[in-house]
Amino acid sequence: LRRDGEQRHRRYAGLDVTLHTTSIPGARARQLARSPAARDAVVALIALGLTLLVQAADHGAGRRALDVPGVLLAMVACLPLVDHRRRPLAVFVVTGAASATINGLGYALGPPFGPTVALFYLAADARTSGRLARTAVVVIAMAALHLATTAISETGFPAIPILGAIVLWGGA
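These numbers were taken from a predicted model, which means no experiment stands behind them.

Peer 1: I would appreciate a short explanation of the overall build of the protein chain in the present structure.
Peer 2: On a plain count of helices and strands, the protein chain comes out with seven helices and two strands. Overall, the protein chain shows an N-to-C arrangement of helices and strands of β-β-α-α-α-α-α-α-α. Taking all 172 residues of the protein chain together, the buried fraction comes to 30%. The contacts in the protein chain between residues at least 6 apart in sequence include a share of 65% that link residues at least 24 apart.

Peer 1: How do you make sense of empty space enclosed by the protein when you look at a structure like this?
Peer 2: To locate leftover empty space, one rolls a probe as large as a water molecule over the atoms. All told, the structure shown has one cavity of 30 Å³ or more when counted by the stated rule. Looking at the largest cavity, its volume works out to about 120 Å³. The wall of the largest cavity is formed by 16 residues, among which Thr51, Ser99, Gly110, Pro111 and Pro112 lie closest to the centre. Breaking the lining of the largest cavity down by element, the ones donating at least two residues are helix H2 (36-57), helix H3 (68-78), helix H4 (88-104) and helix H5 (113-124). Its residues assigned to classes, the lining of the largest cavity shows nine nonpolar, seven polar and no charged.

Peer 1: Could you clarify how one ought to interpret the nonpolar core in this entry?
Peer 2: Soluble globular proteins tend to pack their nonpolar side chains together in the buried interior. Grouped together as the largest cluster of nonpolar side chains are 20 residues, with contacts concentrated most on Leu81, Phe92, Ile102 and Leu122. Where this core is concerned, the elements lending two or more residues are H2, H3, H4, H5 and helix H6 (132-153). When residues of this core are assigned to their parent elements, the largest contribution, five residues, is made by H4. Excluding anything up to four places from it in sequence, isoleucine 102 contacts Gln55, Leu73, Ala74, Ala77 and Tyr107.

Peer 1: Any chance you could explain the packing of H3 against H4 here in plain terms?
Peer 2: Helices that pack against each other are described as a pair by the angle of their axes relative to one another and the distance between those axes. For the pair H3 and H4, the least separation of the axes is 7 Å and the interaxial angle reads 150°. Considered as vectors, H3 and H4 are oriented roughly antiparallel to each other. For the pair H3 and H4, the crossing hand works out as left-handed. Contact with H3, carried on its side by Leu73, Ala74, Val76, Ala77 and Cys78, involves Val94, Thr95, Ala98, Ser99, Thr101 and Ile102 of H4 and no other residues of that element.

Peer 1: Is there a simple way to explain H6 in this structure?
Peer 2: Each turn of an α-helix holds 3.6 residues, which means side chains three or four residues apart point in the same direction. Its 22 residues place the ends of H6 32 Å apart at the C-alpha level, agreeing with the 32 Å of an ideal helix rising 1.5 Å per residue. Taken together, the buried positions of H6 are Thr135, Val138, Val139, Met142, Ala143, His146, Thr149, Thr150 and Ser153. Buried residues of H6 fall within an arc of 135° about the axis and therefore sit on the same side. Pointing more than 90 degrees away from the buried face of H6 are the exposed residues Ala133, Val137, Ile140 and Ile152.

Peer 1: When you look at the environment of leucine 147 in this model, what are you seeing that I'm missing?
Peer 2: Mapped onto the elements of the fold, leucine 147 is located in helix H6. Residues leucine 147 and alanine 100, spaced 47 residues apart in sequence, show a C-alpha to C-alpha distance of 7.8 Å.

Quick notes on the rules
- Residues numbered from 1 in each chain as written.
- Predicted model: local features only at pLDDT ≥ 70, side-chain atom pairs only at ≥ 80, totals over all residues.
- Heavy atoms only, no water.
- Helix = DSSP H or I, 4+ residues; strand = E, 2+ residues; numbered from the N terminus.
- Buried < 20%, exposed > 50% of the residue type's maximum accessible area, 1.4 Å probe, protein only.
- Contact = heavy atoms within 4.5 Å.
- 1 Å grid on protein atoms, 1.4 Å probe; cavity = no way out; pocket = protein on both sides within 12 Å on 5 of 7 lines; lining within 4 Å.
- Points joined across faces, edges and corners; volume = space filled by probe spheres on them.
- Nonpolar A, V, L, I, M, F, W, Y, C, P; charged D, E, K, R; others polar.
- Core = buried A, V, L, I, M, F, W, Y, C linked by side-chain atoms within 4.5 Å.
- Axes fitted to C-alpha atoms, helices over the stretch in contact; angles between N-to-C directions.
- Parallel < 35°, antiparallel > 145°, perpendicular 65-115°, else oblique.
- Left-handed = near helix turned anticlockwise from the far one by under 90°.
- Expected span 1.5 Å × (residues − 1).
- Arc of directions from axis to C-beta.

Coordinates in, geometry out; function isn't part of it.
Have a look at this one:
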């Protein structure tokens, strides 16, 4: 789309034609909605919002309250999702490591939204089938890291996080 009042010259059947463009309300929003980068940003922001909501809502029973390091870790656990089209495996590793760090530092336990979305992106990426063995090793290692940091920060056996990981990550 062009800005209001901008002109575009075309030649049709030997005739010079000048088109004047006018903004259509909502056209810019529709154009953004079709943009993969905009959709990726929305997904990353939703994952970040949910991660922060879980951290802020439940910090009882010896859990660490949401603070600046927690927000920064949540950002690292979610915002790399915008780059999943270029480097899906790297995005999964970064988001998984940040999420495991969140758990290991004693912040509120909750679903690892960023790594889960990254894992689904990784599974849907066409390049994954060509490097399936390496991808499987990385996914299993990240799941083990995530569960280990959760177990370290828990006082009892982390049955719910383990079952959640099996359901969420096993589905991918």
